[in-house]
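# Descriptive structure summary
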Amino acid sequence: MAKARDRRRTLDGFAEINHDAAGIDVGNAQHWVAVPAGRDAESVRMFGCFTADLHALANWLERCGIKTVALESTGVYWIALYEILESRGFKVCVVNARQAKNLPGRKTDVKDCQWLQQLHTYGLLAASFRPQGEIIILRRYLRHRETLVQEAATCIQRIQKALTEMNLQLANVISDISGTTGLRILRAIVEGERDPQRLAAMRDWRIKATPDEVAKSLLGNWLGRADLCRGRESCAL
């Protein structure tokens, strides 16, 4: 009874906005779910994170008469749960965890899921923006592309570092070592070619530097560095 009075006092004076609200504390291996008192013999239950467990969670919320759910946007663990709940017709409010923790009045004897359920009941949680349908797919493609571009840039930097250690000044005579000429020469180096004249002969006709200049830039110290070149750059070539 004392705990119940404490929880009532934390939100005293607020009107209930969402009568059929639940709160979910999202985790990696398990989710804790709270529903209003009296909806079930246990108002707080724990569910696993397997797909079957998520559907069991949704079934329990339906039996408890829940219409809207608040859950924390913890990492990416909330996404699968969000999609299942949304497909089952629940109104899902994805909440920044910092927002819920910064609200005053929280008691230590209240579980995170119960606190989310209370705050959502009184309309104190603002839902984070979640795009719909094709926008989500497009955003994933764009983020993946950005990651690939960043990784490619990192590989080029490693190539340049290996060339510099061998004093191969190829980047000083061509504008882009990841272009047609640069990749052609680098692939030949990885395959074992060391002759500067043969490497220079691989230049594209559009390169402003002369064959002699390219050959001069490819005179370096190969001793003990052939494996270094092969190991670092073969993944990027």
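Located above this text is the structure these notes cover.
The shown structure was predicted, so the numbers you read here are calculated from the model rather than taken from an experiment.

The subject of this paragraph is the overall build of the protein. Scanning the protein from N- to C-terminus turns up 10 helices and 5 strands. Partitioning the contacts of the protein with sequence separation of at least 6, the portion at a separation of at least 24 is 60%. When the accessible surface of the protein is totalled, it reaches about 14200 Å², and 52% of it is carbon and sulfur.

Take a probe with the size of a water molecule and roll it over the atoms, and the empty space left behind shows itself. Of the voids in this model, the second largest pocket is the one considered here, and its volume is about 160 Å³. The greatest single-element share of the lining of the second largest pocket, amounting to 4 residues, is contributed by strand β5 (residues 91-95). Looking at the lining of the second largest pocket, its residues break down into 6 nonpolar, 5 polar and 2 charged.

Bringing the pattern of salt bridges into the picture now. A side chain of one charge can pair with a side chain of the opposite charge when the charged atoms of the two come close. Considering all chains together, one arrives at 6 salt bridges under this definition. Here Asp-20 and Lys-67 are joined by a salt bridge, their closest N and O atoms 3.9 Å apart. Residue Asp-20 is located in the loop between α1 (2-10) and β1 (21-25), and its partner Lys-67 is located in the loop between α2 (51-63) and β4 (68-72); the two are separated by 47 residues in the primary sequence. A relative accessible area of 57% places Lys-67 in the exposed class. Members of the salt-bridge network, linked through shared partners, are Asp-20, Arg-39 and Lys-67.

What follows concerns the sheet that holds strand β2 (residues 30-34). Taking strand neighbours across the sheet as the criterion, the 5 strands line up as β3-β2-β1-β4-β5 in an open arrangement whose pairing is mixed. Each end of this open sheet is capped by a strand with a single partner; those strands are β3 (44-48) and β5. Between one strand axis and the next, the sheet turns through 25° on average, direction left out of account. Across 5 bridges, β4 lies against β5 in parallel orientation. In the sheet register, Leu-71 faces β5, and the bridge partner there is Val-94. In the packing of helix α5 (residues 112-121) onto the sheet, the strands contacted are β1, β2, β3, β4 and β5, and the crossing angle to β1 comes to about 145°.

A few words on α2. With 13 residues, α2 should reach 18 Å at 1.5 Å per residue; the first-to-last C-alpha distance of 19 Å fits that figure. Of all the residues in α2, the buried ones are Leu-54, Leu-57, Ala-58, Trp-60 and Leu-61. Considered in projection along α2, the buried side chains sweep an arc of 160° and stay on one side of the axis. Opposite its buried face, α2 presents the exposed residues Ala-52 and Arg-63, each directed more than 90 degrees away.

The buried fraction of β5 amounts to 4 of the 5 residues, a majority that puts the element mostly inside the structure. In the classification by handedness, the crossover that spans β4, the intervening helix α3 (residues 78-87) and the parallel β5 is right-handed.

The rules behind each value
Position numbers for residues count from 1 along each chain, tracking the sequence in the order it is written. Per-residue local features of the predicted model are confined to residues with pLDDT of at least 70, and side-chain atom pairs are confined, for both listing and counting, to 80 or more; whole-chain, interface and lining totals are unaffected and use all residues. Heavy atoms throughout the structure, all of them, feed into the side-chain values; hydrogens and water do not. Starting at the N terminus, helices and strands are each numbered in turn, a helix being any DSSP run of H or I of at least four residues and a strand any DSSP run of E of at least two. The criterion used for residue contact is that any of the two residues' heavy atoms lie within 4.5 Å. Note that accessible areas follow from Shrake-Rupley with a 1.4 Å probe, and for residues the cover is restricted to the protein chains shown. A 1.4 Å probe that fits but cannot get out identifies a cavity on a 1 Å grid over protein atoms alone, an open set with protein on both sides within 12 Å along at least five of seven lines counts as a pocket, and a residue lines either if it has an atom within 4 Å of a point. Grid points are joined across faces, edges and corners, and a volume is the space filled by probe spheres set on the points. Ten residue types, Ala, Val, Leu, Ile, Met, Phe, Trp, Tyr, Cys and Pro, are classed as nonpolar, four, Asp, Glu, Lys and Arg, as charged, and the remainder, Gly among them, as polar. Throughout this description, the term salt bridge denotes a Lys or Arg side-chain nitrogen within 4 Å of a carboxyl oxygen of Asp or Glu. Working definition: with a 1.4 Å probe on protein chains only, accessible area under 20% of the residue-type maximum means buried, over 50% means exposed, and in between means partly exposed. A pair of strands is considered paired only if DSSP assigns at least 2 bridges between the two. Axes here refer to lines fitted to C-alpha atoms; in helices the fit is confined to the stretch in contact. Angles between the N-to-C directions go from 0 to 180 degrees. Expected span of a helix: the number of residues minus one, times 1.5 Å. The arc in question is the one traced by the directions running from the helix axis out to the C-beta atoms. By the criterion used throughout, a crossover qualifies as right-handed when its path from the first strand across the helix to the second strand runs clockwise, the strands pointing away from the viewer.

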